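Structural overview for review
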Amino acid sequence: MSEAAAFPQPPDTGPEGSLPHSLAQRRIVRFDPGHAVIEYEVLPAICHSGGVAQGGFVAGWIDAAMAHAVMAKYGFERVPISLEIKVSYFAPANPGRVLAEAWIEKAGGRTVFAEGRLTTLDGKILAKASSTISLIDAAKVAAKMI
């Protein structure tokens, strides 16, 4: 697939119980081949210790942005599956809006190396992540679902 290929952007939010809803996704800001930016809401319900977002949500936001960057490049016929993810936390994510930005650093046949970061709306870096992603045929993934 060429770099210029364009796939339809997924919806900004999802119905109650969906992953975008559970992650408090507000909108997809950018969905370009190999690059994605998603805006999330740090809700008090996902915070601990005086208004600090639980680290799993921070990792999930960046992970989802990396998956979107991959889907924007390769489409939806292959599912991005994280093989490994490393997250470094620099500052707390407090209630309010944040941006998860991700991009493909390098890609091979079925393996993609992606990077991303979580920032405040004014650009303060809260966390950075890198991931090794495997592209799995969507039909194979669907066949294994029970």
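Here's what I pulled together on the structure shown here.

Moving on: the sheet that holds strand 6 (residues 96-107). Pairing is antiparallel in the open sheet, where six strands are placed in the order 1-2-6-7-8-5. With partners counted over all chains shown, the strands left at the sheet margins are strand 1 (25-32) and strand 5 (78-89), one partner each. Neighbour to neighbour, the strand axes of the sheet diverge by 20 degrees on average, direction disregarded. Direction of pairing for strand 5 relative to strand 8 (residues 125-137): antiparallel, over a ladder of 11 bridges. Directly across from Glu84, in strand 8, lies its bridge partner Thr132. Against the sheet, helix 2 (residues 55-74) touches strand 1, strand 2 (35-42), strand 5, strand 6, strand 7 (111-120) and strand 8, its axis set at about 50 degrees to strand 6.

Let's shift gears to the layout of surface pockets. In this structure, the largest pocket spans a volume of roughly 330 Å³. Leu19, Pro20, Ala64, His68 and Met71 are the residues nearest the centre of the largest pocket, which is lined by 19 residues in total. Residue assignment for the lining of the largest pocket shows that the elements contributing at least two residues are helix 1 (19-22), helix 2 and strand 5. Tallying contributions element by element places helix 2 first for the lining of the largest pocket, with five residues.

Next up on the list: the packing of aromatic side chains. Considering all chains together, one arrives at three aromatic pairs under this definition. With a centroid separation of 6.4 Å and 80 degrees between ring planes, the pair formed by Phe7 and Phe76 is classed as edge-to-face. Of this pair, Phe7 sits in the segment before helix 1 while Phe76 is found in the loop between helix 2 and strand 5, placing the two residues 69 residues apart along the sequence. Taken together, the aromatic side chains of Tyr40, Phe57 and Trp61 make up a single cluster linked through ring pairs.

So, on to the environment of Ile136. Following the sequence through the fold, Ile136 ends up in strand 8. For the pair Ile136 and Ser88, spaced 48 residues apart in sequence, the C-alpha to C-alpha distance is 27 Å. Excluding its chain neighbours within four sequence positions, the residues that come into contact with Ile136 are Glu77, Arg78, Val79, Ile81 and Val141.

Our next topic: the pairing of strand 7. Relative to strand 7, strand 6 runs antiparallel, the two sharing nine bridges. Looking at strand 7, one finds that Leu99 is bridged to Thr119. The hairpin turn running from strand 6 into strand 7, its antiparallel successor, is three residues long. As judged from the nine bridges shared by strand 7 and strand 8, these two strands associate in the antiparallel manner. Across the sheet, residue Thr111 finds its bridge partner in strand 8, namely Ser134. Between strand 7 and strand 8, which follow one another and run antiparallel, lie four residues, and Gly123 among them has a positive phi close to 100 degrees.

With that settled, the discussion passes to the nonpolar core. Formed by 37 residues in total, the largest nonpolar core has its most connected members in Tyr40, Val58, Trp61 and Leu118. For this core, the secondary structure elements donating two or more residues are strand 1, strand 2, helix 2, strand 6, strand 7 and strand 8. When residues of this core are assigned to their parent elements, the largest contribution, 12 residues, is made by helix 2.

Definitions and cut-offs
Residues numbered from 1 in each chain as written. Predicted model: local features only at pLDDT ≥ 70, side-chain atom pairs only at ≥ 80, totals over all residues. Heavy atoms only, no water. Pairing = 2+ DSSP bridges. Helix = DSSP H or I, 4+ residues; strand = E, 2+ residues; numbered from the N terminus. Axes fitted to C-alpha atoms, helices over the stretch in contact; angles between N-to-C directions. Contact = heavy atoms within 4.5 Å. 1 Å grid on protein atoms, 1.4 Å probe; cavity = no way out; pocket = protein on both sides within 12 Å on 5 of 7 lines; lining within 4 Å. Points joined across faces, edges and corners; volume = space filled by probe spheres on them. Phe/Tyr/Trp six-rings, centres within 6.5 Å; stacked < 30°, edge-to-face > 60°. Core = buried A, V, L, I, M, F, W, Y, C linked by side-chain atoms within 4.5 Å. Buried < 20%, exposed > 50% of the residue type's maximum accessible area, 1.4 Å probe, protein only.

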